[in-house]
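Fold and geometry: a report
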Amino acid sequence: ATVSHDFNVGWVTVNPDGAFDRTAIGINGQWPIPRIDANVGDNIVINVHNQLGNQSTSLHFHGLFMNGTVHMDGPSQVTQCPIPPGGSFTYNFTIEQPGTYWYHSHTQSQYPDGLRGPLIIHDPKSPFNGKYDEEIVMTLSDWYHDQMAHLIPEFMSKGNPTGAEPVPQAALMNDTQNLQISVKPKTTYLLRLVNIGAFAGQYFWIEGHTMKIVEVDGVYTKPYETDMIYLSAAQRYSVLVTTKDDAHSNFAIVGSMDTTLFDVLPDDLDWNVTSWLVYDKSKELPKPALVSEFEPADDIKLLPYDSMELLPEPDRTVELEVKMDNLGDGANYAFFNNNTYREPKVPSLYTALTAGELATNPKVYGEYTNSFVLEKDQIVQIVINNHDDGRHPFHLHGHHFQVIHRSDEDGGDFAESNTLHLTFPSTPMRRDTIVVEGNGNVVLRFKANNPGVWLFHCHIEWHIVSGLLATFVEAPLELQKTIELPASHLDNCKAGGFAFAGNAAG
Ligand code: C2O
């Protein structure tokens, strides 16, 4: 089937935490923006009309492989020119993956202004069909009272030499607070959780109930029981929750922002967001108990349902060293291997398609794009050595990767020699967004079987403006033979440049 939507993207006034009216980016005059629902195999057609007036935009469908349609992936200056005010663009692609995803603006760091929402792909063949009665989708996010267009220049200024990220004013569930979710006793729910936030990871739990993880970032897992989950920005989990046989009270559902990410903790910040599982409307809604220690499930212990085996030894290893520092101008930037990403003048995909044989030379994509060119079907290993003391959730477009190693506390650099002492899991978990601990490291593996131009970046939006991005150009010669850009794809490039404050270095 074809799922089509007309999305008029424009400003609306919202107040999701009941504390402050602000303008946010809505769709068709509404916010929260609509959830996209589809089935595996569906064709999705989304006509986007940019009615913002003062900002360019684009949409990315986070976690979808876009196999054969990399030109529909969405990041500005990577796979397309941004849609200028008054402009339009049609996203048209086929969905082959089941699971819990989301879509968001991928033009500069615009999505925290509201242009982000869930994308659910239902699967008639899911191994968990019949194991639950109803489905609930729940988003978690942080929320700022100010607009990104104001926050970004301040964040990237000399007045903020340590690069302290703006602290959100609130946390939200389904873009609100104090949500009451009515449930029936003796019923199993599939709860789909998506962190659509800009910065804060969140711990999530339901008082008095356990959860069984069955999906992570679109990968089915062997059921794994836990009381608590941690979702970084951009991560997703599906869990089965069975309600009590006979309950006459209500239970708090809590999302608690990961305050270790914040440089300062304002006195008035309530880092929890609470909702309730409501068995009985006439009973009180209890305040959640204080939790002093967080013990979420360890995601790298999860096992993929399909038992896909560890990929063979890599043909290519890409090491990325993460650092935060300045460029001598007093402002703080983020670096991969001492290089801070800046958007190229020409979208990297267009370069890959037009450079002929030269497309295999990373230099043609520009010095500041952190480009790595991969050969078709290579086994690629990404090693991230985090020389920053903060956590970073890294996301790769176009793939799931296997997470084969993570050192959590002062693991130092991952060295090749380590592999002599390590046993990697035989059926490692796969996902598309992984947390690297402060001063820790992580090792990921994937097969370069999806020709395209794929970003790899920290999903904390503050770190996107700071330049913590790299570009994987995968099998460009293959791509030249297979991709046909519709003529209209280039229409928005004529407008030229951005109508939005970008990387101060750019
Ligand atoms: Cu949610 Cu570049 O991605």
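These figures come from a predicted structure and were not determined experimentally. (Residues numbered from 1 in each chain as written. Predicted model: local features only at pLDDT ≥ 70, side-chain atom pairs only at ≥ 80, totals over all residues.)

1. Digging into the sheet that holds strand β1 (residues 2-14)
Here four strands make up an open sheet; going across it, the order is β2-β1-β4-β6 and the pairing mixed. Taken across any chain shown, the strands that pair with only one partner, and hence form the sheet edges, are β2 (22-27) and β6 (88-94). Going from strand to strand, the sheet's axes swing by 20° on average, the running direction of each strand aside. (Pairing = 2+ DSSP bridges. Helix = DSSP H or I, 4+ residues; strand = E, 2+ residues; numbered from the N terminus. Axes fitted to C-alpha atoms, helices over the stretch in contact; angles between N-to-C directions.)

2. Here we look at the nonpolar core
Residues L193, I384, L444 and L468 are the most contacted members of the largest nonpolar core, which totals 133 residues. Among residues more than four places away in sequence, those in contact with L193 are M138, L140, F204, I229, L231, R236, Y237 and V239. (Core = buried A, V, L, I, M, F, W, Y, C linked by C-beta atoms within 7 Å. Buried ≥ 20, exposed ≤ 12 C-beta atoms within 10 Å, placed from the backbone. Contact = placed C-beta atoms within 7 Å.)

3. Side note on the domain arrangement of the chain
Each assigned domain of the chain is listed here: domain 1 (2-122), domain 2 (134-301) and domain 3 (316-495). One C-alpha centre belongs to domain 1, the other to domain 3; they are set 23 Å apart. Classifying every residue of the side of domain 1 that touches domain 3 by side-chain character gives twelve nonpolar, ten polar and one charged. (Domains from an automatic or database assignment. Nonpolar A, V, L, I, M, F, W, Y, C, P; charged D, E, K, R; others polar.)

4. Side note on the sheet that holds strand β9 (residues 134-143)
On the basis of which strands lie adjacent, the open sheet formed by six strands has the order β10-β9-β12-β17-β14-β15 and mixed pairing. Two strands close off the open sheet at either side, each with one partner strand: β10 (170-173) and β15 (219-226). Taken pair by pair, the neighbouring strands of this sheet meet at an average axis angle of 25°, ignoring direction. By the bridge criterion, four bridges tie strand β14 (residues 211-216) to strand β17 (residues 236-242) in an arrangement that is antiparallel. When the sheet's bridge partners are listed, K212 is paired in β17 with L240.

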